[in-house]
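Descriptive analysis of the structure
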Amino acid sequence: MLQLFKPSLHTQRHDFVVDFVRRNNPKKVADLGCGECSLLGKLRFHRQIKLLVGVDQNGAKLRKKMHGLAPLSTDYLQPTFDQLCVQLYQGSVTQKDARFRGFDLVTSIELIEHLPLDDLEPFSKVVFGYMAPQTVIISTPNSEFNPLFPGLSGFRHSDHKFEWTRVEFQSWALNVCSEFGYKAEFTGVGRAPPGQEQRIGFCTQIGVFHRLMVDRDGHMFGDNAEDNYPYTLLYSVTYPSLRDNNILRKFLVSELLCWAEKLKKEWLEKLTDKLEEANPVEKDERGGEYGDIFWTNSPVPQCHTLHRHVSVPLQLLWTCCPKLRELSGSLSNLRQLIVDDPQIKMNRQRSAVILCSLEQGDEDPNDLTDSGYAERSHVEEEH
Amino acid sequence: MASRARARSRGRARGQETAAPGIQAREPAPKVSEQAEAGLVGRGRQKTAPVAFSEEAALEISAGFHQVKIGDRGGRRRDFHDAEVNTRQTMEHVKASKSGTSGSPIQLSANFFRILSRPQWVLYQYHVDFKPPMESRRLRSALLFQHERTLGNAHCFDGGILFLPQRLPNKVTVLQSMTNNGEKVEITVTLTNELPPTSPVCLQFYNIIFRRILRLLGMQQIGRNYYNAKDPLSIPQHRLTIWPGYTATILQYESAIMLCTDVSHKVLRSETVLDFMANLRQRCGPHSFTDVCAKELVGLIVLTKYNNKTYRIDDIAWDQTPCNTFTRGDTDISFKNYYKNQYGLEIQDSNQVLLISHVKRVTQGQTPPGPALLIPELCYLTGLTDRMRADYTIMKDLSAHTKLVPEQRAGRLLRLSENINKDTEAQRELEKWGLNFDKQLLSLTGRVLPPERIIQESRSYGYNPRTADWTREMRGLPLIYSPPLQNWLLLYTRRNNREAQSLLETLYKVAAPLRISLQKAVMIEYEDHQESLLRTLQHNVKAETQMVVVVLASNRKDKYDSVKKYLCVDCPTPSQCVLARTVSRPQALMTIATKIVLQMSCKMGGELWSVEIPLKQLMVVGIDCYHDSAAGKRSIGALVASLNQNMSRWYSKVKLQNRGQEIMDGLKMAFAGALKDFYKFNKCFPSRIIVYRDGVGDGQLHNVVNYEVAQIIGSIKSMGQDYMPKLSVVVVKKRINCRLFEHSNGKMFNPPPGTVVDTEVTRPEWYDFYIVSTAVNSGSVSPTHYNVVYDTSGLKPDHMQRLTYKLCHMYYNWQGIIAVPAPCQYAHKLAFLVGQSLHREPSMELDDLLFYL
């Protein structure tokens, strides 16, 4: 088909939904007839969404495409507090599945025209009457636009069972509204050439339906006693999130150790400078489980050098590192989260992290001879 | 329209459409490539296709298939496995067998899994024709698979060629499809070939299926390997994240088709490029920031927050910011708004500069070739920078995580096979095609060559075969030959006066039992500046100076470089640099001084030890190259050739060449030089020459075979028409995926040095073998792969293997066995010194010395 639109009509439809999501912040979104999963693939970046679900009749297609919805490599590198679960189901939109109730937004992009006319009524019953989401977005071709396609006779797609004019679509929509308690706005994407916008309308017409009744968990869901689950779950993935305590702990520990190492290094450098100035730090007589402690008389908590160990106070880390504050919320929370981690060694009072000072015995065995650019041929390398 | 032209025109159309960074479709499903060759073969077949499948016809077709590449991402792929190179057929003496005989047998396991298929398994290849012709591959695919009921759910289609696991009832199947706009399309599916499991196309097909499987297991593809992002290891002190993963290749090995898989680790930075740049600016200051930044970043690979693609940073757009716009559709949009609207990503820093990546490969529905602009804030660095690689602590901490002992490594590999067998989706996919993988690692028998005896003057001794080291054994034994050192300098700074004195005393002490005659050194103090160090050298190094020892106060590369430059190029004199820190610890000084004195000796032409070399008039040549990515992408080729029977004296030559020039072009002269030098030493030309060629990248083997061998023969010919020595050319590869484990009492160990494998895991089309020649303290040992690509020596494989192993004993900078034959390591060391420090060709006067050790 000649490309009449830039970006393509397909892209414009998806952009319309994405734009709606950005303005209205739905938490649970379902795409009916998700097909190639390309809309879901775009929506997953908008992390106000917590649950993103797709359903399509063609299970083979979903199986082929579903791995494209897996988290990106980088989602694992620096997860955020946002949570997202993506699920794909095989099923027919004329069947009621209890897992599709209670959504904020349900989209049906270029779907209804593929349904036999007899299925249209069950479809609206399922979507508006049973799923009953806050908002429904339905798009379908506007047949008034068809004469603008050169050489097109009949429908735009061989599988289309019907293509509606604006009046036909709107009258169907208004019937649905009055039956299930929604109000609809009509718009579209794909503008007609200048001057003909009024006469022809958009290439794709879109109805945005808002539910009038606001109580979500009232009687609306009480009336169907038995819950049916006719759809088959094909794919489900939970994106990494800092709300997952294990992930949060992992990140806190990494961040904490990174800063602790940094502070330790600075401290040790300062210490050597002082020694060179022949101004030794005071010796702490209290000793402790790590032997001698060198101590400074600063009011601010500082690092200490213990017997071959350096103690870095949590308080100091907390003050230095904004990321730690952001991740853990409070110092006590931080302590609680990290205290059992096997990577972290703490003092008895649980007020400081203990690190090895590693000053000796840490020579590069390879910088023996000519230059430090040495013989690694015998050393295994792998990266 | 030919598919090549079609692909090009399509690319251009898209190019006009948008130049946005990272706008991309999702990864297209695995497809057979649509590239020119495939198209050609496809069309060729179309004409001749519907004939009966006589055996010859099938053979002919398979032979024609050498050129067909199936790329699972639609792009044209290099043949990384050099599968097209068949060298064994040209060598009569190894046609029947290429196995050696000496040594004692050893039970081994290798990181290979057999591919199991049903008996009589065949892959059916069909040609698919569309009437009217359809341009878009995606559309062709969609139209064809409207008939999934007829074709089945297991299929692999590239737009022209279709693979199915079953035979359709008729040879020609005509299907009717309809496009979205109601156009009727007739599709003709014609059976063209039945591919046996060993056909090259099948192998590519297996690889595609295996990649699908890894994806099903939730692994992320980065580059050529697959990683598990869900189970990362972190090294917080360096802000590194390591993803464990696997490399995987399926190839026809000696007797079976196998999956070779090894553990791989991907190093990622847990910070964005923007963070990295901020740190860098803090460290180096605003003045040198632009230079340093470009130097550190260019060439690195980044991952983005909005897709799973990797980009190579080619440049930095210092004049661009996220507020700049690009054209999308009919309108201009800023990068900032684009990422916000499309991906919900808020760019915090509007003043950051952008990164430039030249996207080379166009894959279906993706960004056009040409520069893509990337936002540093949205990119993560992968891999290590050169600076990190040179940082001993980082490398040590990394290897603590990535080095796996054989038992652990084998465990990881078995876990992969377990996961494939456990996963229902993966099993479903394999079942569709009638394939499966063996659950156990391949076991095979290798041989352990007997240890060599090390000869020093009239004495000889053995070494512990497990440690492969004779540091202790050689203590107090006289060297074969050491030139008396009468006139030499020792330079030091005032600060290191004490270290220099004690070094000198220890050198005298350790030299005596080695029979190195060492006269008193002239001690010269220098000021710790690069210029004054150079001035000191200029004043004091005379023609009669035999050796200059410099005690460097710090590990500063510029001082080291200027010493080496002056003493290798301007005023050719053997030199020895020592870091003051290295000689500052009294308890280690004896050991270190011994190493230094040995190094000094061989830099002046000393001969330390030897092993018995049974072949006479033999010249062994090592070739390696170094790619200088920083300095104008120059490459440096080094050639080192033996000059005597003991393999203790060497001729060394290095050639700098510009990008695009073949390594051998420069080394042809060096080769002739080596022959002439050999003549000078021996009063005759060598009657046998064995060339060990290192530094051959994946996919470059055909170049060595088709081009370099001829160059070498040309060099030999230039000595005289009637001079016809026996010649062998061996390609040496150290970075390979093959791992061998000694299998004993149900446990895995590193095989001992001297382990040779020349069956099962070798390739049928090559005369190749593996030798484990080193002992490692940690992790798993890596065997070295030797591929004899040209051989008129008539040497039995056993002799070739033993000679190769002997040569691994002859590297004078290491009192033990190394992973490659000594001339390769010498060539490597020479190329490295020139590439890192000299950037010029060293003086000819040093050609006969191992001055670069």
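Keep in mind it's a predicted model, so treat the numbers as computed, not measured. (Residues numbered from 1 in each chain as written. Chains lettered and ligands numbered in written order. Predicted model: local features only at pLDDT ≥ 70, side-chain atom pairs only at ≥ 80, totals over all residues. Heavy atoms only, no water.)

With that settled, consider the overall build of chain A. Secondary structure summary: chain A contains 12 helices and 13 strands in total. By the burial criterion, 51% of the 383 residues in chain A qualify as buried. The contacts in chain A between residues at least 6 apart in sequence include a share of 72% that link residues at least 24 apart. Roughly 18100 Å² of accessible area belongs to chain A as shown, and the carbon and sulfur atoms make up 50% of that amount. (Helix = DSSP H or I, 4+ residues; strand = E, 2+ residues; numbered from the N terminus. Buried < 20%, exposed > 50% of the residue type's maximum accessible area, 1.4 Å probe, protein only. Contact = heavy atoms within 4.5 Å. Areas by Shrake-Rupley, 256 points an atom, 1.4 Å probe, with all protein chains shown as cover.)

Broken down by element type, chain B carries 20 helices and 38 strands. Relative to its 853 residues, chain B shows a buried fraction of 58%. Within chain B, contacts between residues at least 6 apart in sequence are counted, and of these 72% link residues at least 24 apart. A total of about 34800 Å² of accessible surface is found on chain B, and carbon and sulfur atoms cover 49% of it.

Turning our attention to the sheet that holds strand β2 (residues 51-56) of chain A. Residue and element names in this part refer to chain A. Reading across the sheet, the eight strands line up as β6-β7-β5-β4-β1-β2-β3-β8 and stay open at both edges, with mixed pairing between neighbours. Strands at the two margins of the open sheet, each flanked by one partner only, are β6 (182-189) and β8 (232-238). Averaged over all pairs of adjacent strands, the angle between their axes in this sheet comes to 15°, without regard to strand direction. Note: strand β1 (residues 28-32) against strand β4 (residues 105-109), four bridges, orientation parallel. Paired with Leu32 across the strands is Ser108, a residue of β4. The strands touched by helix α5 (residues 117-131) are β1, β4, β5 (135-141), β6 and β7 (204-211); relative to β5, the strand with the most contacts, the crossing angle is about 160°. Running over the sheet, helix α6 (residues 166-180) touches β5, β6 and β7 and is turned about 155° from β6. (Pairing = 2+ DSSP bridges. Axes fitted to C-alpha atoms, helices over the stretch in contact; angles between N-to-C directions.)

Listed as interface residues are 87 residues of chain B and, on the opposing side, 56 residues of chain A. Roughly 6300 Å² is buried in total at the junction of chain B and chain A, and carbon and sulfur atoms are behind 49% of that figure. Across the chain B-chain A interface, the total number found is two salt bridges. Here A:Glu255 ties to B:Arg239 by a salt bridge, and the two come within 3.1 Å at their closest N and O atoms. At the boundary of chain B with chain A, the tally comes to 12 residue pairs in polar contact (both at pLDDT 80 or more). The dominant element in the side of chain B that touches chain A, judged by the number of residues it contributes, is strand β12 (residues 257-272) of chain B, at eight residues. Of the residues belonging to the side of chain B that touches chain A, the class tally is 30 nonpolar, 30 polar and 27 charged. (Buried area = accessible area lost by both parts, 1.4 Å probe. Salt bridge = Lys/Arg side-chain N within 4 Å of Asp/Glu carboxyl O. Polar contact = N/O pair within 3.5 Å; in protein donor to acceptor, adjacent residues only side chain to side chain. Nonpolar A, V, L, I, M, F, W, Y, C, P; charged D, E, K, R; others polar.)

So, on to the pattern of salt bridges. Residue and element names in this part refer to chain B. Scanning the entire structure with this criterion turns up 40 salt bridges over all chains. Here Glu452 makes a salt bridge to Lys806, at a shortest N to O gap of 2.8 Å. Here the residue Glu452 occupies a position in the loop between β22 (442-448) and β23 (454-456), and Lys806 occupies one in helix α19 (residues 797-807), the gap between them amounting to 354 residues. On the accessibility criterion, Lys806 (8% relative accessible area) is buried. Residue Lys733 pairs with Asp698 through a salt bridge whose shortest N-O separation is 2.8 Å. Residue Lys733 is found in strand β33 (residues 726-733), and its partner Asp698 is found in the loop between β32 (688-693) and α18 (701-717); the two are separated by 35 residues along the sequence. Taking relative accessible area as the criterion, Lys733 reaches 18% and is therefore assigned buried. Overlapping salt bridges bring together Arg88, Lys98, Glu254 and Asp768 as one network.

This part covers the sheet that holds strand β4 (residues 156-157) of chain B. Residues and elements named next belong to chain B. Read across the open sheet, the five strands follow the order β4-β5-β3-β7-β6; overall the sheet is antiparallel. The outermost strands of the open sheet, each flanked by one partner alone, are β4 and β6 (172-178). Where helix α4 (residues 137-144) meets the sheet, its contacts fall on β3 (123-131), β4, β5 (161-164), β6 and β7 (184-195), and the angle it forms with β7 comes to roughly 85°.

To continue, consider the packing of helix α13 (residues 497-511) of chain B against helix α16 (residues 586-603) of chain B. All names here are of chain B. Taken N-terminus to C-terminus, the directions of α13 and α16 make an angle of 70°; their axes are 9 Å apart at the nearest point. As summarised for this structure, α13 and α16 are arranged roughly perpendicular, according to the angle between their axes. For the pair α13 and α16, the contacting residues are Ser502, Leu503, Thr506, Leu507, Lys509, Val510 and Ala511 in the first and Leu589, Met590, Ala593, Thr594, Ile596, Val597 and Met600 in the second. When grouped by side-chain class, the residues that make up the contact of α13 with α16 number 10 nonpolar, three polar and one charged. (Parallel < 35°, antiparallel > 145°, perpendicular 65-115°, else oblique.)

Here the focus is the environment of B:Val834. Residues and elements named next belong to chain B. Tracing the backbone shows Val834 in helix α20 (residues 822-838). Accessibility expressed as a relative area gives 0% for Val834, which makes it buried. Separated by 336 residues in the primary sequence, Val834 and Arg498 place their C-alpha atoms 32 Å from one another. Setting aside residues no more than four positions away along its own chain, Val834 makes contact with Ile636, Val654, Leu656, His839, Arg840 and Pro842.

A word on α16(B). All names here are of chain B. Taking 1.5 Å of rise per residue, the 18 residues of α16 would be expected to cover 26 Å, and the 25 Å separating its terminal C-alpha atoms lies within 8% of that figure. Remark: the principal bend of α16, roughly 25°, maps to Ile592. At the C-terminal side of α16, Gly605 shows a positive phi close to 105°. (Expected span 1.5 Å × (residues − 1). Bend = angle between axes of the 7 residues up to and from the residue.)

Residues and elements named next belong to chain B. Among the residues of helix α14 (residues 530-540), Ser532, Leu533, Thr536 and Leu537 are the ones counted as buried. The arc that holds the buried residues of α14, viewed along the axis, is 145°, so those residues lie on one side. Every exposed residue of α14 that faces more than 90 degrees away from the buried side is listed here: Glu531 and His539. For α14, the elements touching its buried residues are β25 (488-492), β26 (522-525), β27 (547-552) and α15 (557-570). (Arc of directions from axis to C-beta.)

The biggest cluster of nonpolar side chains holds 112 residues, and the ones touching the most others in it are B:Trp488, B:Leu490, B:Tyr692 and B:Tyr826. In terms of nonpolar packing, the next biggest core, distinct from the first, is built from 40 residues, B:Tyr226, B:Val263, B:Leu404 and B:Leu416 among them. (Core = buried A, V, L, I, M, F, W, Y, C linked by side-chain atoms within 4.5 Å.)

All names here are of chain A. Put simply, α5 and α6 touch, their axes get as near as 11 Å, and they point 50° apart. Between α5 and α6, the interaxial angle falls into the category oblique. Viewed along their axes, α5 and α6 form a crossing whose handedness is right-handed. The residues of α6 that touch α5, namely those facing Leu120, Phe123, Ser124, Lys125, Phe128 and Gly129, are Trp172, Val176 and Phe180. (Left-handed = near helix turned anticlockwise from the far one by under 90°.)

What follows is about the side chain of B:Arg763. The residue B:Arg763 is located in the loop between β36 (755-757) and β37 (767-772) in this model. When neighbours within four sequence positions are excluded, B:Arg763 is seen to be in contact with B:His81, B:Asp82, B:Ala83, B:Lys98, B:Leu251, B:Gln252, B:Tyr253, B:Glu254 and B:Asp768.

We now examine the pairing of β7(A). Here is the key point about a regular strand: its side chains alternate between the two faces of the sheet. All names here are of chain A. The buried fraction of β7 is high, at seven of eight residues. For β5 and β7, the ladder comprises seven bridges, and the chain directions are antiparallel. Along β7, the bridge assignment pairs Ile138 with Gly207.

All names here are of chain B. Along the chain, the position of Leu807 falls in helix α19. Measuring from C-alpha to C-alpha, the distance between Leu807 and Val578 comes to 28 Å, with 229 residues separating the pair along the chain. Discounting chain neighbours no more than four positions away, the residues touching Leu807 are Val620, Met647, Tyr692, Pro821 and Ala822.

Moving on, we come to the confidence of the model for chain A. Across chain A, pLDDT averages 80, with 79% of residues at or above 70. Segment residues 278-299 of chain A: pLDDT under 50, and 40 contacts once partners within four positions in sequence are set aside and those in other chains are kept. (pLDDT = per-residue confidence, 0-100.)

Let's shift gears to the pairing of β1(A). All names here are of chain A. In terms of burial, β1 is a largely internal element, four of the five residues being buried. As paired elements, β1 and β2 share five bridges and run parallel to each other. Residue pairing in the sheet places Asp31 in a bridge with Gly54 of β2.

Turning our attention to unusual backbone geometry. Trans peptide bonds make up the majority, and among non-glycine residues the majority have a negative phi. Residue and element names in this part refer to chain B. In this structure, the amide linkage connecting Lys131 to the following residue, Pro132, adopts the cis form with an omega of -5°. Within the secondary structure layout, Pro132 lies in the loop between β3 and α4. In this structure, Arg515 is a non-glycine residue whose phi angle is positive, near 60°. Of note, Arg515 is situated in the loop between α13 and β26. Its identity is not glycine, yet His839 carries a phi of approximately 55°, on the positive side.

A separate point is the state of the cysteines. Evaluation of the coordinates by the stated rule reveals zero disulfides over all chains. The cysteine A:Cys258 is free of any disulfide, with A:Cys321 supplying the nearest cysteine sulfur at 8.0 Å. Cysteine B:Cys808 remains unbridged, with the sulfur of B:Cys824 as its closest cysteine sulfur at 8.6 Å. Classification of B:Cys808 by relative accessible area gives buried; the value is 0%. (Disulfide = S-S within 2.5 Å.)

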